[in-house]
Amino acid sequence: MVSFDMKKERTLSILKPDAVRRSITGAINKKFEDAGLSVVAQKMVHISREQAERFYAVHRERPFFRELCDYISSGPVVVQVLEGENAVAKNRDAMGATDPQKAAEGTIRKEFGISISENTVHGSDAHDTAAAEIAFFFSGCEIY
């Protein structure tokens with residue numbers, strides 16, 4: 001019998017094109033696991049420009065929108081669902097600040113990020129965002 005822990009939550013993580021290109025996805029996943037998160041779904045995809053614009057629609061009016069969509073659609077990414085107690089917060093802590101130069105020591109962006117644009121990972125910023133972002137990439141039967 002499978003038991004379900006109601007305290008666990010899920011969040012979306014995207015290992016961006018720079019992470020895939022540099023073959024550091026395993027090292028990043030280790031950081032998530034060390035932070036108490038489990039990968040319960042994972043696949044490599046190439047996000048189209050149209051998909052990028054839909055995914056980042058909340059940022060459409062921001063000056064960085066075009067660059068963000070160009071970058072995330074520039075090569076393959078690894079999309080994954082992370083699960084654990086307080087998954088959204090743990091993921092955000094593990095990632096670190098958006099700007100790798102300002103990220104705390106030991107965080108993914110500090111260790112692996114190249115710049116604000118190529119900061120290696122995306123993570124959901126809230127529970128409702130996580131649910132919508134997970135549904136954007138995964139059907140229920142794809143998540144363990």
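None of the values given here were measured: they were computed from a predicted structure.

A. Just the UniProt feature "active site" (unreviewed entry) in the protein, in detail. As annotated in UniProt, the feature "active site" (unreviewed entry) corresponds to His122 in the numbering used here. Take His122: its relative accessible area is 12%, and that puts it in the buried class. Filtering out sequence-adjacent residues up to four positions away, His122 remains in contact with Leu12, Ser13, Ile14, Lys16, Phe55, Tyr56, Met95, Arg109 and Glu133.

B. Spotlight on the UniProt feature "domain: Nucleoside diphosphate kinase-like" (unreviewed entry) in the protein. Per the UniProt annotation, the sites labelled "domain: Nucleoside diphosphate kinase-like" (unreviewed entry) are residues 8–142. Helix makes up 41% of residues 8–142 and strand 21%, whereas the separation of the span's terminal C-alpha atoms amounts to 18 Å.

C. The arrangement of the sheet that holds strand S1 (residues 8–15) in detail. Across the sheet, which stays open at both edges, the 4 strands sit in the order S2-S3-S1-S4 with antiparallel pairing between neighbours. Of all the strands in the sheet, just strand S2 (38–45) and strand S4 (121–123) have a single pairing partner and so form its edges. Going across the sheet, the axis of each strand differs from the next one's by a mean of 20°, ignoring polarity. Pairing geometry for S1 and strand S3 (residues 77–85), over 8 bridges, is antiparallel. Within the sheet, the bridge partner assigned to Leu15 lies in S3 and is Val78. Sitting on the sheet, helix H2 (residues 25–34) touches S1, S2, S3 and S4, and the angle it makes with S1 is about 160°. In this fold helix H7 (residues 127–137) packs onto S1, S2, S3 and S4, with an angle of close to 60° to the strand it touches most, S1.

D. Expanded view of the packing of aromatic side chains. All told, the structure shown has 4 aromatic pairs when counted by the stated rule. Ring centres 5.0 Å apart and planes at 80° place the aromatic pair Phe55 and Tyr56 in the edge-to-face group. Taken as a pair, Phe55 and Tyr56 share a single burial class, namely buried. Arranged with centres 4.9 Å apart and planes meeting at 70°, the rings of Phe136 and Phe137 form a pair that is edge-to-face. The partly exposed category is assigned to Phe136, whose relative accessible area is 27%. Three or more aromatic residues joined by ring pairs make a cluster, and in this case those are Phe55, Tyr56, Phe136 and Phe137. Seen from the ring of Phe138, Lys43 lies directly overhead, with NZ or CZ sitting 4.8 Å from the centre.

E. Examining the side chain of Ser73 more closely. Along the chain, the position of Ser73 falls in the loop between helix H4 (65–72) and S3. In this structure Ser73 comes out as buried when scored by relative accessible area, which is 17%. Dropping the residues within four chain positions of it, Ser73 is found in contact with His46, Ile47, Ser48, Arg49 and Ala52.

F. Here's a closer look at the layout of surface pockets. There is about 580 Å³ of room inside the largest pocket. Residue lining of the largest pocket: 24 residues in total, with Tyr56, His59, Phe64, Leu68 and His122 positioned closest to the centre. Put simply, the parts of the chain that give the lining of the largest pocket at least two residues each are H4, helix H5 (87–95), S4 and H7. Tallied by class, the residues present in the lining of the largest pocket amount to 9 nonpolar, 8 polar and 7 charged.

Conventions adopted
- Residues numbered from 1 in each chain as written.
- Predicted model: local features only at pLDDT ≥ 70, side-chain atom pairs only at ≥ 80, totals over all residues.
- Heavy atoms only, no water.
- UniProt positions renumbered as here; feature names shortened; annotations may be inferred.
- Buried < 20%, exposed > 50% of the residue type's maximum accessible area, 1.4 Å probe, protein only.
- Contact = heavy atoms within 4.5 Å.
- Helix = DSSP H or I, 4+ residues; strand = E, 2+ residues; numbered from the N terminus.
- Pairing = 2+ DSSP bridges.
- Axes fitted to C-alpha atoms, helices over the stretch in contact; angles between N-to-C directions.
- Phe/Tyr/Trp six-rings, centres within 6.5 Å; stacked < 30°, edge-to-face > 60°.
- Lys NZ or Arg CZ within 6 Å of the ring centre and 35° of its normal.
- 1 Å grid on protein atoms, 1.4 Å probe; cavity = no way out; pocket = protein on both sides within 12 Å on 5 of 7 lines; lining within 4 Å.
- Points joined across faces, edges and corners; volume = space filled by probe spheres on them.
- Nonpolar A, V, L, I, M, F, W, Y, C, P; charged D, E, K, R; others polar.

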